[in-house]
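The chain contents come next:
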Amino acid sequence: MSLPNPPLGRLEVESDDAVAVGIKRKIDRHLIPWFFSLGVTCYLDRTNLAFAAVQLSKELGLSCATYGLGAGLFFLGYSFQVPSNMMLARFGAPRWLSFTVIVWGCVAMAFSGTSGTVMFLTLRVALGLAECGTFPGIWTHLSHFYTARELGAAYASVTTSTALAQVIGAPLAAFILSLNGLLGFAGWQWLFLIEGLTTLIFGVLLRIFLAPSPREAACLTTSEQEWLQRRQDALPTASQDNSFAAQTRAVGRVLQNWRVFYMAGLWMTITQSMYGIIFFAPMMIHQIFANPTSDTIIELPATGAPASSEAPADLPTYGCSESGSSGGHSSTGAGVALLAMVPFAAAAGAMLINAKLSETANERHYHAGVPILLGSFFMALSPLALRYIAPIAAFLSLVCAAAFVWAFHAPFMSWPAVFLRGQEAATGFAVINSIGSIGGFIGPFLLGVLADKGNGSYDLAMFVLAGMLALGGVGIILFPDGGNGGVFWRSGY
């Protein structure tokens, strides 16, 4: 007989509910906007490459495979999250996060001077190194203010930025790219310069205003600060020892926990599709609505769905350089960039809704696994809908795929706080994210290679990524988390 599902977390200190709710509301108003903005900034600098792709690829002569390699190489540097999280524990979130933000702002600006393939690939690795501690650092700092049960919804509120950054970035990129030729700079150069400078300024502000701990949160009264600090110190996940020796011991214990590697493997399978969508969504959308008889970069398959007799003049052609296998070129405009907002707007809404449902139901396996399985279905459906139904059906399938794939974040990412304690939970999150980031390399690179081999068609790549999502969804449902342990596992396995 299976045991009941364990709670997502519990308060270890008795308190008046009204006081707890009031303090949480104040903390939400302080931390969530700062970390949401940090997440948006991070993803804008990480993924503005997708919007600069056409102009940049044409100017540097990048094939789809080389562009995909550059998009994926970011995650080589991004995998160094455990050392970064150890530095955050040593110096505190305001100092360490602001330092890394300023560094990556400078790297982002350096992209404007990219003059060749080697420099392009090198800067992508450097950007990954600069950004690697961002989300583990956010998770760790949130865990200092929230219980395990509250952490999932709080983190989901922050990580909606990963989807909304694309919604914000699309019209912003369309406007900045329209500055092409201003003061002698290309539109893609303005994109990197403006967004990099904005990041640098944000890093300075983060150092000044972010609360280092509950006891130093200016948004709370003195009595509220003490109450929250006592509550957090009494939680089983609390850890007061941030010494290097303690962190090293925590790393050692985490690396002996097979559940960490199980979650890392699941995250790796899912990030392949997530980052494939992020970096190639504009090109996929163009393929969906492109006129195959026009001089486009990405050609539709011969049996593709019918297209309109003439593509709109302001709808840009998204694809890789004319030196790539797809051939042709065109300038970047607003049409596809604006259409690219839709999948990510849906993804942001799905994240928030599923986070609330998971918290209310006090359940993770199905709230994380089922959305991934549905994402797999719609990912595979999109190219089939383009071929046999209509472009709008293919586009809506892509929107649904993005929404379901992103929806799993809150229940999944709050899991380390269930089976790990103290510094181990923060370290475990960083290990999971580091290993999982390999998928961020595989997904875009695989899409680029298969697109080149398929003469610009993403059909095969989407089927492959759908298969990886299906594998991840089943793995989540079966995950033995140490509580009821998944559908076919008993506690203690």
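Residues numbered from 1 in each chain as written. Predicted model: local features only at pLDDT ≥ 70, side-chain atom pairs only at ≥ 80, totals over all residues. Heavy atoms only, no water.

**Examining the overall build of the protein chain**
And step 1. The helix and strand tally for the protein chain stands at 21 helices and zero strands.
And step 2. Going through the 493 residues of the protein chain one by one, you find that 59% of them count as buried. (Helix = DSSP H or I, 4+ residues; strand = E, 2+ residues; numbered from the N terminus. Buried < 20%, exposed > 50% of the residue type's maximum accessible area, 1.4 Å probe, protein only.)

**Side note on unusual backbone geometry**
And step 1. At Leu-183, a position not held by glycine, the phi torsion is positive, near 55 degrees.
And step 2. On the secondary structure map, Leu-183 appears in the loop between helix H8 (161-177) and helix H9 (187-209).

**Re the packing of aromatic side chains**
And step 1. Within this structure, the stated rule accounts for 26 aromatic pairs.
And step 2. Aromatic side chains Trp-258 and Tyr-262 sit 6.4 Å apart centroid to centroid with 75 degrees between the ring planes, which places their arrangement in the edge-to-face category. With Trp-258 and Tyr-262 both in helix H12 (residues 258-289) and four residues apart, the pair spans about one turn of that helix.
And step 3. Since its relative accessible area comes to 40%, Trp-258 is described here as partly exposed.
And step 4. On the numbers, 5.7 Å between centres and 90 degrees between planes, the contact of Phe-344 with Trp-406 is edge-to-face. Residue Phe-344 is found in helix H14 (residues 341-361), and its partner Trp-406 is found in helix H16 (residues 391-407); the two are separated by 62 residues along the sequence.
And step 5. In this structure Phe-344 comes out as buried when scored by relative accessible area, which is 1%.
And step 6. Judged by relative accessible area, Trp-406 falls into the buried class, the value being 0%. (Phe/Tyr/Trp six-rings, centres within 6.5 Å; stacked < 30°, edge-to-face > 60°.)

**Here we look at empty space enclosed by the protein**
And step 1. Per the stated rule, a full pass over the model turns up seven cavities of 30 Å³ or more.
And step 2. Of the pockets and cavities examined, the largest cavity occupies roughly 150 Å³.
And step 3. The wall of the largest cavity is formed by 18 residues, among which Tyr-43, Tyr-78, Trp-267, Tyr-275 and Asn-433 lie closest to the centre.
And step 4. Elements with a minimum of two residues in the lining of the largest cavity: helix H1 (17-60), helix H2 (64-78), helix H7 (148-159), H12, helix H17 (409-413) and helix H19 (423-436).
And step 5. Counting residues per element, the lining of the largest cavity draws most heavily on H12, which supplies four residues.
And step 6. Considering only residue class, the lining of the largest cavity consists of nine nonpolar, eight polar and one charged. (1 Å grid on protein atoms, 1.4 Å probe; cavity = no way out; pocket = protein on both sides within 12 Å on 5 of 7 lines; lining within 4 Å. Points joined across faces, edges and corners; volume = space filled by probe spheres on them. Nonpolar A, V, L, I, M, F, W, Y, C, P; charged D, E, K, R; others polar.)

**Some points on the packing of H2 against helix H20 (residues 438-453)**
And step 1. Packing of H2 against H20 leaves a shortest axis separation of 7 Å and a crossing angle of 180 degrees. For the element pair H2 / H20, the angle class is roughly antiparallel. Note on element contacts: H20 touches H2 through Gly-440, Phe-441, Pro-444, Phe-445, Gly-448, Val-449 and Asp-452, opposite Cys-64, Ala-65, Gly-68, Leu-69, Ala-71, Gly-72, Leu-73 and Phe-75.
And step 2. A per-class count over the contact of H2 with H20 returns ten nonpolar, four polar and one charged. (Axes fitted to C-alpha atoms, helices over the stretch in contact; angles between N-to-C directions. Parallel < 35°, antiparallel > 145°, perpendicular 65-115°, else oblique. Contact = heavy atoms within 4.5 Å.)

**Some points on the pattern of salt bridges**
And step 1. Evaluated as defined, the whole model comprises five salt bridges.
And step 2. Taking the shortest distance from any N to any O, the salt bridge between Asp-28 and Lys-24 comes out at 3.1 Å. Here Asp-28 and its partner Lys-24 are both found in helix H1, four residues apart, which amounts to about one turn of the helix.
And step 3. Across the pair Arg-215 and Glu-226 runs a salt bridge, and its minimum N-O distance is 3.6 Å. With Arg-215 in the loop between H9 and helix H10 (222-234) and Glu-226 in helix H10, this residue pair connects regions lying eleven residues apart in the sequence.
And step 4. By relative accessible area, Glu-226 is classed as partly exposed at 29%. (Salt bridge = Lys/Arg side-chain N within 4 Å of Asp/Glu carboxyl O.)

**Remarks on the confidence of the model for the protein chain**
Detail in the predicted coordinates should be disregarded across regions flagged by low pLDDT.
And step 1. When pLDDT is averaged along the protein chain, the result is 78, and 81% of the positions lie at 70 or above.
And step 2. When the criterion is pLDDT under 50, residues 291-319 qualifies, and its contacts beyond four places in sequence or with other chains add up to 79 contacts.
And step 3. Segment residues 321-333 is flagged for pLDDT under 50; beyond a separation of four residues in sequence, or across chains, it makes 44 contacts in the model. (pLDDT = per-residue confidence, 0-100.)

**Comments concerning the nonpolar core**
And step 1. Counting 136 residues, the largest nonpolar core has Leu-142, Trp-406 and Phe-412 as its most contacted members.
And step 2. A total of 19 residues in this core trace back to one element, the largest contributor, which is H1.
And step 3. In contact with Phe-412, other than residues within four places in its own chain, are Met-263, Leu-266, Trp-267, Ala-368 and Ile-476. (Core = buried A, V, L, I, M, F, W, Y, C linked by side-chain atoms within 4.5 Å.)

**Side note on the side chain of Gln-272**
And step 1. Mapped onto the fold, Gln-272 is located in helix H12.
And step 2. Once residues within four sequence positions are removed from consideration, Gln-272 is found in contact with Gly-439, Ile-442, Gly-443, Leu-465 and Met-468.

**Topic: a nonpolar patch on the surface**
And step 1. On the surface, Leu-197, Ile-201, Val-204, Leu-205, Ile-208 and Phe-209 cluster together into a nonpolar patch covering about 530 Å² of accessible area.
And step 2. By the secondary structure assignment, Ile-208 is in helix H9. (Patch = residues over 30% accessible without salt bridge, like charges linked within 9 Å, V, L, I, M, F, W, Y side chains within 5 Å. Areas by Shrake-Rupley, 256 points an atom, 1.4 Å probe, with all protein chains shown as cover.)

**A closer look at the environment of Leu-177**
And step 1. Inspection of the secondary structure puts Leu-177 in helix H8.
And step 2. Expressed as a C-alpha distance, the spacing of Leu-177 and Trp-190, which sit 13 residues apart in the sequence, is 7.0 Å.

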